[in-house]
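# Close look at the chain arrangement
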Amino acid sequence: MALIVQKYGGTSVGDLERIHNVAKRVAKSYDEGNDVVVVLSAMSGVTDRLIEMAHQASSKPCKREMDVLLSTGEQTTVSLMSMTLQAMGYKAESLLGFQAEIQTDNGAGKARIMRIGANRIKRLLDEKKIVVVAGFQGMDCDGNITTLGRGGSDTSAVAIAAAVNADACEIYTDVDGIYTTDPRICDKARKLERISYDEMLEMASLGAKVLQIRSVGFAKKYNVPIHVRSSFNEEEGTMVVNEDSGMEQLVVSGVTLDKNEARITVKKVPDQPGVSAKIFSPLAASGIQVDMIIQNTRSGGETDLTFTVTKTDYQEAIEITRRVAEELGGKEVLVADDIAKVSVIGVGMKNHSGVASRMFQALADENINIRLITTSEIRISCVIDERYAELAVRILHDAFSLDEL
Ligand code: ADP
Ligand code: ASP
Ligand code: MG
């Protein structure tokens, strides 16, 4: 007998028929003698629709009320799942984030889980119930409902698995594992048997939304092995685990695409100490994370600063940057949201040179202009025009022969 946490994403619980199919899977695991905690997302498309409605109600919806609204998507699926299981003759009980004692900080819209009490979950398991927990939500120390950022149900599941000391954390989704790149973009993408936490962290942070980045961070910290697999078939998926000697040490093991960033350029600000701090401090104070930064020095003691932020933070970032640029005597603020970031990732890159030049050459051969570049020990990212995004992914997948083992 084992204690298993199973998380099902939006497509897997997209309608009542799918909820029923998931309930059968859950029941099967329970019948095999396991204790089962189920973590659910909202039905696919529901969170997007709620966000749209909020923006129709107000041009600048308050973050607290936004979280109250967005948490309802998961409230619907957990209650329906629990009812379905009960109708099948099983003892099941649904819990919202606060009832499952998921305590977060007060970062509305992208809150971090600080602690999970899990007493109630354990008590219900002792009563031999199937526990169905709403993903993506928690409660801050003032009792406000919070949400964990898009894709946050993955993080709920892994954090709960760590808190109850589960034997397995299974993430059921609409693809049958983690691939060398998004299989919906590149049909040559190859399914990986295993991937290390570190590589998965990079892939998630660079746009592979198959796992939310924070879920991988939790898994690594608490050593929770994750099994990513399909909710539509019985195939083995991909294990996300600690790096071990048997693992492929490929120079490049994956390609990712992120269309969720936008670019801001401040033209002709004075090239002197303190200017970057003046621009980036107010952004940080508003909780806006800046990703790539490039500074071009011009002649005449002036410089251009270009950086990227997520599209969610884009409007607020533009307002703040325009204000600061004016104070600094900057000449102009240029903005663009039709950009995409493509990245190649691989732990083997640490010991190899020539990866960057191969990447740049492959893009150049297709006449794709690179607008920004950043690198780390195990990845290289290029910002390009959005219209070339999918093409670039396929080109890079080919350039590094990722379809071959
Ligand atoms: P869920 O609703 O189950 O949480 P998501 O849509 O959040 O599912 O994540 C699954 C999607 O992630 C897949 O449909 C796929 O298009 C995308 N994806 C991106 N990169 C990868 C990758 N490297 N391997 C597998 N899936 C990927
Ligand atoms: N429903 C939320 C979202 O769409 C959380 C999740 O699906 O993980 O982002
Ligand atoms: Mg997801």
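Keep in mind the model is a prediction, meaning the values are calculated, not measured.

Calculation rules
Residues numbered from 1 in each chain as written. Chains lettered and ligands numbered in written order. Predicted model: local features only at pLDDT ≥ 70, side-chain atom pairs only at ≥ 80, totals over all residues. Heavy atoms only, no water. UniProt positions renumbered as here; feature names shortened; annotations may be inferred. Helix = DSSP H or I, 4+ residues; strand = E, 2+ residues; numbered from the N terminus. Pairing = 2+ DSSP bridges. Axes fitted to C-alpha atoms, helices over the stretch in contact; angles between N-to-C directions. Contact = heavy atoms within 4.5 Å.

### Considerations on the UniProt feature "domain: ACT" (unreviewed entry) in the chain
Here, the residues flagged by UniProt with the feature "domain: ACT" (unreviewed entry) are residues 264–338 and 344–405. Between the end C-alpha atoms of residues 264–338 the distance is 12 Å, and the span holds 39% helix and 39% strand. Taken as a whole, residues 344–405 contains 35% helix and 23% strand, while its terminal C-alpha atoms sit 16 Å from one another.

### Some points on the sheet that holds strand E16 (residues 302–310)
What holds strands together in a sheet is hydrogen bonding between their backbones, with the strands either parallel or antiparallel. With respect to topology, four strands assemble into an open sheet ordered E15-E16-E14-E17, the strand pairing being antiparallel. If you trace the sheet from one side to the other, it starts and ends with strand E15 (290–297) and strand E17 (332–336), each paired once. If you compare each strand with its neighbour and ignore which way they point, the axes differ by 15° on average. Taken together, the eight bridges between strand E14 (residues 261–270) and E16 define a ladder with antiparallel strand orientation. Across the sheet, residue Arg263 finds its bridge partner in E16, namely Thr308. Packed on one face of the sheet, helix H8 (residues 275–285) meets E14, E15 and E16 and runs near 20° to E16. Contacts from helix H9 (residues 311–328) reach E14, E16 and E17 within the one sheet, and its direction differs from that of E14 by about 5°.

### Concerning the pairing of strand E19 (residues 372–376)
Sheet topology note: the E19/strand E20 (residues 379–385) ladder contains five bridges and is antiparallel. Residue pairing across strands places Thr374 opposite Ser381, the latter belonging to E20. Between E19 and E20, which pair antiparallel in sequence order, lie two residues.

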